Every structure is written in C-alpha cells, then in structure tokens.
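Summary of the model geometry
Now for the letters of each chain:
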Amino acid sequence: MTFAQAEWDEPLLNEIHSPPVFGFDRKVPASERIDKGRLNRRELNLPGISERDLMRHYVNLSQMNYSVDNGPHLLGSCTMKYNPKISENIASDNKVTRLHPLQPAETAQGALRLMYELERYLAEISGMDEVSLQPAGGAQGEFAGMLITRAHFRSLGETRKRVLVPDSAHGTNPASAAMAGYEVVELPSDRGMVDTKILREAMTDDVAALMLTNPNTLGLFEEKVEEIADIVHGRGGLLYYDGANMNAIVGKTSPGLMGFDIVHFNLHKTFATPHGGGGPGAGPVGVKKHLSRFLPVPRIVKKGSRYSFDYSRPDSIGKLHSFYGNFGILLRAYVYILLNGKDGLRRNSEQAVLNSNYLMARLSSSFEIPYKRLKKHEFVASAGRLKSEKGITALDISKRLIDYGVHPPTIYFPLIVGEALMIEPTENLSKQSVDFVADAFNRIAGEPAELLKNSPHSTPRKRINEVKAAREMVFTWKDFGRIGGA
C-alpha cells in the first residue's frame, strides 16, 4: 500500500458563496442576530454556505490530513488509539451538548453522577483512593501532582527542595516539577532502568519526590519498583506515577500496588479519547488517602442519591480549571471504560504488549534494538547502524514511512538512545496491519539513501524548515500575512 496526500486549493469558509439546494438544504444567513436574552448580542458574521458545500469543504480538508482513522499511527508514548465512534455519538447528543456549566447542580444530576462514577473507576484501576477530574491534560495533571506534593510537605512543616527524575523521563516531568518550585535532579539509568544504588545516594531528606514512568519510555517495566518505593518512602518522600504508559498495565497491576502515592492519567492515551492537539483534554490526578485533602476543588460528593460540588476543602491546592473540567472528554472515557469492562481493559493491555513485542521481533534484523528484552506496550529501535553505514537517519526513515501510508513514530526520544525510533503500535493494529508496518520498515532499511533523503514523495509539501517553523509560528491568518504569506 502506498499513500498519496490530496492537495485541494480550498478556500476559507467565508470565501464560499453558494445557494441552497432545493429540497434538503437550508442556507445559513450571512448575518444573524442572536436572540434577546443571550449574553452576546452582537451580530455574527456567519458565512452563507449550503450544507452541500460545507460538507465538501470539510471532506476536502480531511483528505489533506492523516489521522488514526487513516492507518497505522506509531507515535511512541502517545498511545494513538482508535476513538470509538459510539463515544463521539454520545458526546454529540443534545442531552450532553446543551449542558451549561452555570446551570444549578440539581438540574445536572446525571452529569455529576457520571463524573463521580468515573472518579471511582479511575481510582480502582490505578489503586488510588481518590481522584480529581479537574486537570485539563496530562501535563496539568503532573503539575497538580507537584502542587499536592508541595502542599503535603508544607503541612508537615518541611521544606524539601528537590525532585528526582530518571534520564528516560518524559520532558513534562522536569517541567512540572520546576513550575512547582522544585530543583530537578536527573538520575542516570542502569541498563535502561532506575539504578537503585544511585537512587539511594540521591534520596536525601530534602528530596520531595521521585517522578517515575512505569513501564518507562524504553518500554521496560521497572523490575525493582517495590525497592524503589521503599527507598523513597524510607526517606519520607513521595512516589509519583506518570500515567502516560498506563496502557501496558491496566488490569494486570496498578500504581497503587507498586507503592505510588500520586498518579496522573492521560485519558486520551489509555482510555481512547481524542488527542486534542492543544484542544480540550483531561488529565485527572489520583492520590492515596493521606493526600486526598489537597486535591483540587470542587470535589464531587454524593449524599444519599444526590450529587453536588464541595468547595469547602481548606487544604486544597485550589482550582485548576474553569468550572469542573472538560466534560465531553470525561464522558468519552467513561463510555470507553463501560464498553470494555474489566476483562476488556485487561485484554487491551495484553494485546498492546503482544503487538509491540511482535513488531520489535520483525524489525530486529534491520534495526538495532537497544535494551533487547521483553518490552511492554512500546519499544525503541535505533537507526544508528544505518546512519554509520549509509548516512540514513531516524528522520529520513520517519519521512519515508509517510509514502507507505504509515504515520511516523516518535523520533530522537528518549534522549539516551541515539537515532531513536520510539514505536507504539497499540492494541488496535491487527496482525495484518502490524505485518504491513514491519514490511514497510524493513523495505525502507534497504532502500537507497538518496530516495530517503528526499522523502516524502507523496505529499504536496516535502520537508519543511523546522527551525524556521519553530521560530516563526503561524497561529492565525494575520500571522501568515505578517511573515509574507500569499
């Protein structure tokens, strides 16, 4: 299979002028005054466009994109799962879309019950005692965890200044700790995992926490996690679980069983809600009982058969999000958990691990596999040998994969592996799809360097100037005009 990206000269919506189609269409008026009583009484400059042309517009745009609905999406540590359409349908129901955050809690009992039950499901899955759904994404969940850590030690009258982070950690870990006011200390790995000897030396009385991902970004399960927990707790510290890789362990073990005190969830990874790309997201944070009083407010409480918000939590770290979080995302995760049930969630993790190890075995003859042992839901390959022999880099391989209809993996991460290709097939790929991906990788490894250096060949845009793109970001059409766009 090969891939060819469409290229449409698609106008903006307000540049399209189309008459309604008789019989089934209703043209939206170009200007419509909002009813009296609405908060915004200004005229809206809505484009006048028929349903037919509106559909064509968005279909054309979708053909210039690539998503989890197109084909294999291998971004390591991103867990790019298929998003079940039933979740989208339910989230689009007007019983959901017409909810308003300002309506009284007694008129939204169903929504509150859903969030309350989702908190309990996440607590059971993670082995935590209480969960808050407030954080708007994984990074904010991490930040919440660090604020809870700080509040915990403040309540004890202790001033701890440092947070430990392994060198295989996600970049958000040190960022979250630093934002919360901690000095970050990086721990070198031993064969890809935490070196407990170094941890013992680093774990002094001024260390507040160790932030750990398990399995880590190399796909390795920390075999000494119980010893790690004992070391951290033995010096009065907290053990923080980065939930980014939770898809490998659901139903098999839990952060609570491993000895963690705090965990954040990436609902868009483990529980198949859409990856927001900066849009609405959710990164709930869960804690053990001794930290629950620090969770963000409001908390959802149940008295009898009624649900309400509780703001009366004087030790809380406060609010992290307007109103109560992103309900539409929480709803999708709730649906996913109910659809799968305990057995389904466990089987998903088992299939994700099986797919990862099968794909790793298929690639092992063409690519180096550092830390070659049983992996969990993802693994890291290296293009180091291809670079030294043919000048082919991880970037070249990822660009060439596009021509085969495969979304590239995460590259150049983790930093401890040269020319890293971080690959996560998830449980959603059939064996046929995994074989297809393996064939594409292995074929690319044997292709001429020049072919790879000039790839992708099937897209309207080839390789962009990534430095320029990073330094001159274009967020609006005004920015496009400012930098001299057409």
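Look up a bit, the structure's there.
First things first, this report covers the structure right here in the doc. (Residues numbered from 1 in each chain as written. Predicted model: local features only at pLDDT ≥ 70, side-chain atom pairs only at ≥ 80, totals over all residues. Heavy atoms only, no water.)

A closer look at the overall build of the protein
The condition that has to hold: Helix and strand definitions here come from DSSP, where helices need a minimum of 4 consecutive H or I residues and strands a minimum of 2 consecutive E residues; each element is numbered from the N-terminal end. For the radius of gyration, the atoms used are the C-alpha atoms, and the globule rule reads 2.2 Å times the number of residues raised to 0.38. Every residue pair with non-hydrogen atoms within 4.5 Å of one another is taken to be in contact. Using a 1.4 Å probe, accessible areas were evaluated by the Shrake-Rupley method; residue-level cover was limited to the displayed protein chains. In this tally, Asp and Glu contribute negative charge and Lys and Arg positive charge; neither His nor the terminal groups of the chain are included. Think of each charge as sitting on NZ of Lys, CZ of Arg, CG of Asp or CD of Glu.
If you tally the helices and strands in the protein, you get 17 helices and 14 strands. In summary, the protein has a C-alpha radius of gyration of 25 Å against a globular reference of 23 Å for 486 residues, a match within 12%. Its C-alpha atoms give the protein principal-axis dimensions of roughly 75 × 65 × 45 Å. A separation of at least 24 residues holds for 69% of the contacts in the protein among residues at least 6 apart in sequence. Accessible area for the protein stands at about 23,700 Å²; split by element, carbon and sulfur atoms hold 53% of it. If you average the places of the 60 positive and of the 55 negative side-chain charges in the protein, the two averages end up 3 Å apart.

Digging into the pattern of salt bridges
Formally: Whenever a carboxyl oxygen of Asp or Glu lies within 4 Å of a side-chain nitrogen of Lys or Arg, that contact is scored as a salt bridge. When a residue's accessible area, from a 1.4 Å probe over protein chains only, is under 20% of the maximum for its type it is buried; when over 50% it is exposed; and in between it is partly exposed.
Summed over all chains, the structure comprises 29 salt bridges. Ionic pairing is found between Asp69 and Lys85, a salt bridge with its closest N-O pair at 3.3 Å. With Asp69 in the loop between helix 1 (51-63) and helix 2 (85-92) and Lys85 in helix 2, this pair connects stretches of sequence that are 16 residues apart. Looking at Lys85, the relative accessible area reads 35%, which means it is partly exposed.

What about the pairing of strand 2 (residues 162-166)?
If a strand is regular, its side chains alternate between the two faces of the sheet. For the record, the criterion: Here, any two strands with at least 2 DSSP bridges between them count as paired.
The buried fraction of strand 2 is high, at five of five residues. Alternating positions in strand 2 separate into two faces, Arg162, Leu164 and Pro166 on one and Val163 and Val165 on the other, with burial throughout. Here five bridges tie strand 2 to strand 3 (residues 183-187), and the two strands are oriented parallel to one another. When the bridges of strand 3 are listed, Leu164 appears paired with Val185. Where strand 2 lies against strand 6 (residues 207-213), three bridges are found, and the strand directions are parallel.

Focus: the nonpolar core
Short version of the rule: Take the buried Ala, Val, Leu, Ile, Met, Phe, Trp, Tyr and Cys residues and link them wherever side-chain atoms come within 4.5 Å; each set so joined is a nonpolar core.
In this structure, Leu122, Leu164, Leu210 and Phe271 are the most contacted members of the largest nonpolar core, which totals 57 residues. A per-element tally of this core places helix 11 (residues 327-363) first, with eleven residues. In this structure, Ala381, Ala383, Ala438 and Ala440 belong to the second largest nonpolar core, which totals 27 residues.

Looking at the sheet that holds strand 13 (residues 410-411)
Pairing within the open sheet is antiparallel, and its three strands lie in the order 12-14-13. Strands at the two margins of the open sheet, each flanked by one partner only, are strand 12 (379-382) and strand 13. Where strand 13 and strand 14 (residues 420-423) come together, two bridges link them in antiparallel fashion. For Ile411, the partnering residue across the bridge sits in strand 14 and is Leu421.

Quick notes on the packing of aromatic side chains
Filter applied, for reference: Put simply, two rings from Phe, Tyr or Trp (the six-membered ring, in Trp's case) pair if the centres are within 6.5 Å, and we call them stacked under 30 degrees between planes, edge-to-face over 60, tilted for the rest.
The final tally for this structure, using the stated rule, is seven aromatic pairs. Measuring from ring centre to ring centre gives 4.9 Å for Tyr241 and Phe260, while their planes differ by 80 degrees; the resulting arrangement is edge-to-face. With Tyr241 in strand 7 (residues 238-243) and Phe260 in the loop between helix 9 (255-258) and strand 8 (262-265), the pair connects residues that are 19 residues apart, well separated along the chain. For the pair shown, Tyr241 and Phe260 are each scored as buried. One aromatic cluster is present, built from ring pairs that chain together Phe309, Phe323 and Tyr324.

Remarks on the sheet that holds strand 9 (residues 285-287)
The cut-off we apply is this: Working convention: axes come from line fits to C-alpha atoms, limited for helices to the stretch in contact. Angles between N-to-C directions cover 0 to 180 degrees.
The mixed open sheet is built from seven strands, whose spatial order is 1-9-8-7-6-2-3. Whereas interior strands pair on both sides, the edge strands pair on one side only; in this sheet they are strand 1 (130-132) and strand 3. Going across the sheet, the axis of each strand differs from the next one's by a mean of 25 degrees, ignoring polarity. Bridge count between strand 6 and strand 7: five bridges; the pairing is parallel. If you follow Leu212 over to strand 7, its bridge partner there is Tyr241.

Looking at the packing of helix 11 against helix 14 (residues 431-445)
Here is the rule we go by: Convention used here: angles under 35 degrees read as roughly parallel, angles over 145 as roughly antiparallel, angles from 65 to 115 as roughly perpendicular, and any remaining angle as oblique. With the far helix as reference, a near helix turned anticlockwise by less than a right angle produces a left-handed crossing, and one turned clockwise produces a right-handed crossing.
Direction vectors running N to C along helix 11 and helix 14 enclose 30 degrees, while the axes themselves pass 9 Å from each other. Classified by the angle between their axes, helix 11 and helix 14 sit roughly parallel to one another. Remark: the crossing between helix 11 and helix 14 carries right-handed chirality. Taken together, the residues of helix 14 that come into contact with helix 11 (itself represented by Asn355, Tyr358, Leu359, Arg362 and Leu363) are Lys431, Val434, Asp435, Val437, Ala438, Asp439, Phe441 and Asn442.

What about a nonpolar patch on the surface?
Our working definition: Note on patches: the residues involved have over 30% relative accessible area and no salt bridge, like charges join within 9 Å, and the nonpolar side chains Val, Leu, Ile, Met, Phe, Trp and Tyr join within 5 Å.
A contiguous nonpolar surface patch, about 250 Å² in accessible area, is contributed by Leu54, Tyr58 and Leu61. Looking at the element boundaries, Leu54 is found in helix 1. With a relative accessible area of 31%, Leu54 lands in the partly exposed category.

Brief notes about the pairing of strand 10 (residues 299-303)
Where strand 10 meets strand 11 (residues 306-310), five bridges bridge the pair, whose relative direction is antiparallel. In the sheet register, Lys302 faces strand 11, and the bridge partner there is Tyr307.

Structural notes on the environment of Glu466
You can see Glu466 is positioned in helix 16 (residues 466-471). Setting aside residues no more than four positions away along its own chain, Glu466 makes contact with Leu395 and Lys399.

Topic: the side chain of Ser168
Tracing the sequence through the fold places Ser168 in the loop between strand 2 and helix 6 (172-179). Taking the relative accessible area as the measure of exposure, Ser168 reaches 5% and is therefore buried. With residues up to four places along the chain from it excluded, the contact list for Ser168 reads Ser189, Asn216, Thr217, Phe413 and Ile416.

Some points on the environment of Leu320
Mapped onto the secondary structure, Leu320 falls in the loop between strand 11 and helix 11. We classify Leu320 as buried; its relative accessible area is 16%.

Focus: the side chain of His170
The cut-off we apply is this: In protein, a polar contact requires one atom able to donate a hydrogen and another able to accept it; more generally it is a pair of N or O atoms within 3.5 Å, and residues adjacent in sequence count only if both atoms are side-chain atoms.
Tracing the backbone through its elements, the reader meets His170 in the loop between strand 2 and helix 6. A relative accessible area of 10% places His170 in the buried class. Among the polar contacts made by the side chain of His170, one reaches the side chain of Ser77 at a distance of 3.0 Å.

Notes on the packing of helix 4 (residues 109-126) against helix 11
Packing of helix 4 against helix 11 brings their axes to within 10 Å, and their N-to-C directions diverge by 45 degrees. Regarding the angle of helix 4 to helix 11, the classification is oblique. With respect to the hand of their crossing, helix 4 and helix 11 are arranged in left-handed fashion. Contact with helix 4, carried on its side by Ala111, Leu114, Met115, Glu117, Leu118, Tyr121, Leu122, Glu124 and Ile125, involves Phe327, Leu330, Leu331, Ala333, Tyr334, Ile337, Leu338, Lys342 and Leu345 of helix 11 and no other residues of that element.

Note that all results are geometric; they support no functional claim without further evidence.
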